[in-house]
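Single-letter residue listing:
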Amino acid sequence: MSTHAKTAAKPAKPSRVGAVANWVDERAGIATAAKKQVRKVFPDHWSFMLGEIALWSFVVLLLTGVFLSLWFKPGMGEVIYDGSYEQLRGLHMSEAYASTLEISFDVRGGLLMRQMHHWAAMLFIAAMFVHLMRVFLTGAFRKPRELNWMIGGVLLLLGILEGFAGYSLPDDLLSGTGLRIADGLVKATPIVGTYMSFFMFGGEFPGDVIVPRLYIVHVLLIPGLLLALIGAHMMLLVYQKHTQWPGPGKTEENVVGYPMLPIYAAKAGGYFFIVFGVTALLGGLVSINPVWRYGPYNPAEVTAGSQPDWYMGVAEGLLRIFPGWETEIFGVTISWNVMLPGQIFPMLILGGTLLYPFIEQWITGDKREHHLLQRPRNAPNRTAFLAAMMSLYGLLWAAGGNDILAILFNLNLNHITYFMRVAVFVIPPIVFWLTRRWCISLQRHDHEKLLHGYETGVIMRSPEGAYSERHLPISEAEAYYITAQEPEKVYELPAETDMNGVANRKARAMKLRARMSKYWFGDNVPRPTREELEAARLHAEHELAQHDPDGHQHLPAGGYTGSHELDGHPVDGHQFDGRHSVEGEELRKH
Amino acid sequence: MRLLTARLAARRRSRLAGPIVLLLGLLLTGGAYALLSPAQAESTGSDTDDVAKGRELFLVGCSSCHGKNGEGVVDKNGDNYGPSLVGVGAAAVDFQVGTGRMPMANPSQQAPVKRVAYNDEEISQLAAFVASLGPGPAIPDAEKYDPESIPEDERQEAIVRGGEFFRTNCTACHNFAASGGALPDGKYAPSLLGVEPRHVYEAMLTGPQQMPVFSDDVLEPEQKRDIIAYLQSIEEQPKYGGTTLGSYGPVAEGMVAWIGGIGVLVGFAVWIASHTARSSRKGTKA
Ligand code: HEM
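Keep in mind the model is a prediction, meaning the values are calculated, not measured.

**Student:** Where do I start with the overall build of chain B in this structure?
**Tutor:** Broken down by element type, chain B carries 12 helices and four strands. Counting all 286 residues of chain B, 40% fall into the buried class. For chain B, the share of sequence-separated contacts (at least 6 apart) that also reach a separation of at least 24 residues comes to 57%. Of the roughly 15700 Å² of accessible surface on chain B, 58% is carried by carbon and sulfur atoms.

Okay, structure coming up:
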C-alpha cells in the first residue's frame, strides 16, 4: 500500500464510542488530522524496530521512574538508618541513600522497580546506539534526514547524561566515586575549573546540594527535553516518511508497507510488551547496582571494581589508559591527562557524530534526496568506519574494565594498559581495512550473481570426469535489490586556475576533497550496465533453452558445453528443484 | 567511618567512661595474665619439641628458598628468592602454609593458593620453629577471630561496625563484595569469600605481600573480629536482587544488558518482522 492512495478510509458504523469520538472531533478536529496519519504507511524490516526498543524502554523508564520518585528522598541531610537491611542498620547516611535502601527492602516491589529502572536505562541507551548504527550503515541519515540524525545524536547525549544523573542519585559509594570523577573532569578545565566545580557542588565536593540538583535534572529537566526531542524526532519521521529498502515497486517516490492502523500499531504495541517483559525479567532475575553492598558514600572510601555504567565505559577507559601528562604554566597546572580524554575527546566524538552527514556530503558531493536505503556493502568506507569505531569502543570499554579483565583472566593490569595504548591506534585501522575489503568483495559477489546467476549447489560431472557447478539467474526482485543504487560520481578536481589565470583560493581544500572522494568510491565495483545485464540474460536463456521440456537435454549445435546426458537421463539437477518434469525419475520418489 | 568514630568519641566523653575503661583495663590485664602464663609454662615442654620437629620440616620443604635458618636467600641478581622469616611470627606461617600458599611451587609474581601441603600438626611445628627465630605475631586464639564469640545481642551492631571498617580498609583492594580485585604488575587481592576466619585474622595481622599490616594499633582485635563477622554475614545473606553476576559491578551488568537485553530484543524484532512476511504477500496483492 502506498501513501499516495487516493481512496479515503470508509468511516465505520457509528457506535457509542464513535459517538463520543465524534463529539470530541467536532470540537477538537483531531480526526481529520489523525486520519491522514493513521493511514500513514510504514515499511517493514527488523532493523526498523531498533529505534522502537529505545522508545519502549523510555516508556518503561517513565513508568518505573514515577514509581521510584514516590519514595525517593533527594536529600543529603544525615539520617540514621533503621530499615530492614541489617548490615547497615544504625549507620549514619544521607536521606537519599536511606530512601534508596527503603525502596529496595521495605517498599513492596521497590527493588524490582529499581532494578527494572536501571536495566531499562541500560537498554535505552544501548538501543539508541544500535538504532544509530542501523541508520548509519544504511545511509538513512542522508538528505533530507540530516536534521533527524542530529536530533537523534542529541537524544543519545541526553540519555547518557540522564543515566549518569540517575546513577548518582542513590548516593552510594559508586555514585559518589562517579561524581568525584565528574568533579575531577570539571576541575581540569583551565583557569575556571575550580570555580565551576564549586558552582556545581555548591562549595567543596561533595557538599550537600548535588543530589537535590541532580534530582531536578533527572526527573524534570532531561526527561522533559527527551520527551520534546522524541516528539520532534517522530514528527519528522512521519513527515519525511520512513526510508525503505529498494525492491520492485519501491522507489524514491513512494513508501511501501503497512498502514499505521491496524497492522503496524499492533506490531509496535506487541513489541512494547516484549520490551517490558524482557526488562521485567532482567529486573526480577539479575541484580543490578546493589547499593546496599557498596555502602553509603564516604569520600575516604573507594572500592575495587568501581566502574561507571557501560555507556560511560569509554570515558573511563580513556582516562585509565591516558599517560599522566601535565604541564605547569605560571603556577597553574594543566592536566592534559584529564582534559584531553575527559573533555576534548568526548566533544570531538559528539561533534563528529552530529556533523557526520555533512562531512560525508562534502566528500561525496552527493546533495540528492534519498529515500531508498543503501546496503552497507555498497558504502564500504562508511561501513568500515563504523566497524573501526565499534572496535575502538570495545577496546576502550575493555580498558575501562581493565581490573575486572585482569582478575577474571589472570592478566597483568599494567600489561593490559600498555596493550590498550597501542591497540587503540593499531586495531581500528586494521578493522577498517578488513571491513572495507570485505564489503568490496561482497560487491564483487553481487556482480557475479547478476551476470552469471547464483550457485545452485548442483555439481555435474562430465563424461571426461570434470566437475562443474550450475548457475541460475537470480530472481528479478533480487536483481532489483542489488542494482538499485544511484550512479556514483567521483568528485573531479576543478581547474586550479580560472579562465583568467587567477589561482583558485580553495584549491587546497578541493584537492583534499578530490582525493577523499576518489578513495571513497574508487574501489567500488561499478553496477553492470544495461548492455551487460542484457547479455547475461540472453546467455542464461540460451543455456536454459538447451533443456527440452521432456526433461531431456541435447547437445547444442556448438558442441559440448558442460551439460551432459548419461543414458538418456537428465543430469542437470533440475529434476530436484521442480524446474522440469520428473517422469521416470527414481531418486525423487524417495 | 568518620561518623562512627565521632559517635564512639561522643560515648567516650560520658562521665562513666573513665572509670569503666580503667576497670576494663585492670580486668583484662589480670585475666590475661592468669590465663596465659600457666598455659605458656605448660606448653614450653612440647614447644622445644615442636621447634625441633619444625626445623626438620623446614629444612626439607622451605630452606631452599628461605635459607637453613630462615634468613632468606638472595639470588645472583640481588633479587629475593625467599624473604627472611626472622620476626614474621607464627601467624604468618599459619596463614601462608595453612592457605596453601607456602611452600611456593615456583617463584612467580604472587604465591597462589594451592592444596595445603602439611597437616595441622606439622603446620604448628613449622610455626613454632619460625616463631623461635624472632618475636612476631602469634597464632590468635579462637575467641579473637571467631564471630561466634560475639554475644548474640551485640552481633548486629558488630556487623555494621565491621562493614564500616571493611569499606574503609579493605574494599580498595578486595572489592565491595570481597570478590577480589586486580593490583598493578599482575598482582591481585584474592576473593575473601570462603576464607577461614582464622586466616582472615592472620592476613590482617601479618599483611602478606602487597597487603598492608593491620597491627592491633590500627585495627583493634575486636575490630578485626567485626570485619570477619561482616564478611560472614554478607556471605550468608540472600541474593536480594537476583543473580549477582560474580559481584564484579557495572562491567558485568553492561555485558548482560547487551547480550541478554539488546541481543534478545533484536532477536524478537527479527522474529516479528519475519512473521509478517507471510501477510506481506497478501499485502502486495491488495
Ligand atoms: C529517560 C531516561 C532515564 C534514565 C536513563 C534513567 C536512569 C536512572 C538510573 C541509572 C538510576 C539509578 C538507579 C539505581 O538506583 O540503580 C535512576 C534512578 C532514579 N530515577 Fe531515573 N532514569 C530515567 C528517567 C527517569 C524518570 C522519567 C524518572 C521520574 C519521573 C526517574 C526517576 C528516578 C528516581 C527517583 C531515581 C532514584 C531512585 C533509585 O536510585 O532507586 N528516572 N535513573
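**Student:** For this particular structure, what's the right way to read the coordination of the iron atom of the ligand?
**Tutor:** Reference geometry at the metal: tetrahedral coordination by four donors gives ideal angles of 109.5 degrees; octahedral coordination by six donors gives 90 or 180 degrees. Residues and elements named next belong to chain A. Donor atoms from the polypeptide that coordinate the iron atom of the ligand comprise H117 (NE2) and H218 (NE2), at 1.9 to 2.0 Å from the metal. Geometry at the iron atom of the ligand is octahedral, judged from the six donor atoms that bind it and their angles of 88 to 180 degrees at the metal. Here H117, found in helix α5 (residues 110-137), pairs with H218, found in helix α9 (residues 210-240); they are 101 residues apart in sequence, far enough to count as distant. Per residue, the accessibility class of H117 equals that of H218, and both read buried.

**Student:** Which parts of the structure should I look at to understand the domain arrangement of chain B?
**Tutor:** The figure often quoted for interface size is the accessible area lost as the parts come together. All names here are of chain B. With domains assigned, chain B is organised as domain 1 (48-132) and domain 2 (142-236). Between the C-alpha centres of domain 1 and domain 2 there is a distance of 24 Å. The partner domain 2 presents 13 residues to the 13 residues of domain 1 that form the contact. Between domain 1 and domain 2, a total of about 1000 Å² is buried, with carbon and sulfur atoms accounting for 52% of that surface. The three residues of domain 1 that bury the most area against domain 2 are F95, Q109 and Q110, which together make up 53% of that side's buried surface. As a salt-bridge pair, R198 and D94 come within 3.4 Å of each other at their nearest N and O atoms.

**Student:** Can you walk me through unusual backbone geometry in this structure?
**Tutor:** A negative phi holds for most residues other than glycine; trans holds for most peptide bonds. The omega angle of the peptide bond from K143(A) to P144(A) is 5 degrees, so this bond is cis rather than trans. Within the element layout of this structure, P144(A) appears in the loop between α5 and α6 (146-168). Residues F205(A) and P206(A) are joined by a peptide bond in cis, for which omega reads -5 degrees. Tracing the backbone shows P206(A) in the loop between α8 (193-201) and α9. With a phi close to 60 degrees, D171(A) is a non-glycine residue in the positive phi region. The topology assignment puts D171(A) in the loop between α6 and α7 (173-187). Judged by relative accessible area, D171(A) falls into the buried class, the value being 9%. At N175(B), a position not held by glycine, the phi torsion is positive, near 80 degrees.

**Student:** So what exactly am I meant to see when it comes to the pairing of strand β7 (residues 454-461) of chain A here?
**Tutor:** Side-chain positions along a regular strand alternate between the two faces of the sheet. All names here are of chain A. Note: β7 against strand β8 (residues 467-472), five bridges, orientation antiparallel. Across the sheet, I459 pairs through a bridge with E469, a residue of β8. Count of turn residues in the β7/β8 antiparallel hairpin: five residues, of which G465 carries a positive phi of about 100 degrees.

**Student:** Just to check I follow, could you spell out the nonpolar core for this structure?
**Tutor:** The tendency in soluble globular proteins is for nonpolar side chains to be buried side by side. Grouped together as the largest cluster of nonpolar side chains are 65 residues, with contacts concentrated most on I53(A), I125(A) and Y271(A). Considering each element in turn, this core owes the most residues, 17 residues, to α5(A). Once residues lying within four places of it in the same chain are set aside, the contact partners of Y271(A) are M49(A), E52(A), I53(A), W56(A), L265(B), V266(B), F268(B), A269(B) and I272(B). With 23 residues, the next largest nonpolar core counts F164(A), L169(A), L179(A) and Y294(A) among its residues.

**Student:** What exactly am I supposed to notice about the site of the ligand here?
**Tutor:** All names here are of chain A. Taken together, 25 residues sit near the ligand, with R114, H117, H118, H218 and N289 positioned nearest. Contact distances for the ligand include 2.8 Å between a nitrogen atom and a side-chain N or O atom of H117. Secondary structure elements with two or more residues in the shell around the ligand: α3 (50-69), α5, α6 and α9. When residues of the shell around the ligand are assigned to their parent elements, the largest contribution, seven residues, is made by α3. Tallied by class, the residues present in the shell around the ligand amount to 14 nonpolar, nine polar and two charged.

**Student:** Can you help me understand the interface of chain A and chain B in this one?
**Tutor:** Facing 68 residues of chain A, the contacting portion of chain B comprises 60 residues. Each partner contributes to the roughly 5500 Å² buried at the junction of chain A and chain B, and carbon and sulfur atoms together form 67% of this total. A per-residue breakdown of the area chain A buries against chain B is headed by Q87(A), R293(A) and I407(A), which together make up 14% of the total. Between chain A and chain B we count zero salt bridges in total. Between the two partners, chain A and chain B, sit 16 residue pairs in polar contact (both at pLDDT 80 or more). Looking at the side of chain A that touches chain B, its residues break down into 42 nonpolar, 17 polar and nine charged.

**Student:** I'm lost on the confidence of the model for chain B in this one. Help?
**Tutor:** As a note on interpretation, predicted positions should not be read in detail where pLDDT is low. All names here are of chain B. Averaged over every residue, the pLDDT of chain B is 78; residues scoring 70 or more account for 78%. Note on residues 34-45: pLDDT is under 50 here. Beyond four places in sequence and across chains, it has two contacts. Segment residues 277-286: pLDDT under 50, and two contacts once partners within four positions in sequence are set aside and those in other chains are kept. Complex prediction metrics read pTM 0.81 and ipTM 0.78.

**Student:** Just checking my understanding: could you explain the packing of helix α4 (residues 89-98) of chain B against helix α9 (residues 197-206) of chain B for this structure?
**Tutor:** Two quantities define a packed helix pair, namely the angle between the axes and the distance from one axis to the other. Residue and element names in this part refer to chain B. Relative orientation of the contacting elements α4 and α9 amounts to 125 degrees, with a least axis distance of 9 Å. With respect to α9, the element α4 is oriented oblique. At the point where α4 passes α9, the crossing takes the left-handed sense. Residues A91, A92, D94, F95 and G98 of α4 touch α9, and the partners they reach there are R198, H199, E202, A203, L205 and T206. Residue composition of the contact of α4 with α9, by class: five nonpolar, three polar and three charged.

**Student:** Quick question: what am I supposed to make of the pattern of salt bridges here?
**Tutor:** Charged atoms that come close allow side chains of opposite charge to pair. Scanning the model with the defined rule gives 14 salt bridges over all chains in all. With a closest N to O distance of 3.0 Å, D446(A) and R377(A) form a salt bridge. Separated by 69 residues along the polypeptide, D446(A) in helix α16 (residues 413-452) and R377(A) in the loop between α13 (336-364) and α14 (380-400) bring together distant segments of the chain. As far as the burial class goes, D446(A) and R377(A) line up, both buried. Among the salt bridges present, the one from R155(B) reaches E152(B), with a minimum N-O distance of 3.9 Å.

**Student:** Mind showing me how you'd approach a nonpolar patch on the surface here?
**Tutor:** All names here are of chain A. Taken together, the side chains of V422, F425, V426, I430, W433 and L434 define a hydrophobic patch exposed on the protein surface, amounting to about 650 Å² of accessible area. Within the secondary structure layout, W433 lies in helix α16. W433 gets classed as exposed once you look at its relative accessible area, which sits at 53%.

Rules of the game
- Residues numbered from 1 in each chain as written.
- Chains lettered and ligands numbered in written order.
- Predicted model: local features only at pLDDT ≥ 70, side-chain atom pairs only at ≥ 80, totals over all residues.
- Heavy atoms only, no water.
- Helix = DSSP H or I, 4+ residues; strand = E, 2+ residues; numbered from the N terminus.
- Buried < 20%, exposed > 50% of the residue type's maximum accessible area, 1.4 Å probe, protein only.
- Contact = heavy atoms within 4.5 Å.
- Areas by Shrake-Rupley, 256 points an atom, 1.4 Å probe, with all protein chains shown as cover.
- Donors = N, O, S within 2.8 Å, 3.2 Å for Na, K, Ca; no water.
- Tetrahedral: all angles 85-135°; square planar, octahedral: opposite > 155°, others 65-115°.
- Domains from an automatic or database assignment.
- Buried area = accessible area lost by both parts, 1.4 Å probe.
- Salt bridge = Lys/Arg side-chain N within 4 Å of Asp/Glu carboxyl O.
- Pairing = 2+ DSSP bridges.
- Core = buried A, V, L, I, M, F, W, Y, C linked by side-chain atoms within 4.5 Å.
- Near = heavy atom within 4 Å.
- Polar contact = N/O pair within 3.5 Å; in protein donor to acceptor, adjacent residues only side chain to side chain.
- Nonpolar A, V, L, I, M, F, W, Y, C, P; charged D, E, K, R; others polar.
- pLDDT = per-residue confidence, 0-100.
- Axes fitted to C-alpha atoms, helices over the stretch in contact; angles between N-to-C directions.
- Parallel < 35°, antiparallel > 145°, perpendicular 65-115°, else oblique.
- Left-handed = near helix turned anticlockwise from the far one by under 90°.
- Patch = residues over 30% accessible without salt bridge, like charges linked within 9 Å, V, L, I, M, F, W, Y side chains within 5 Å.

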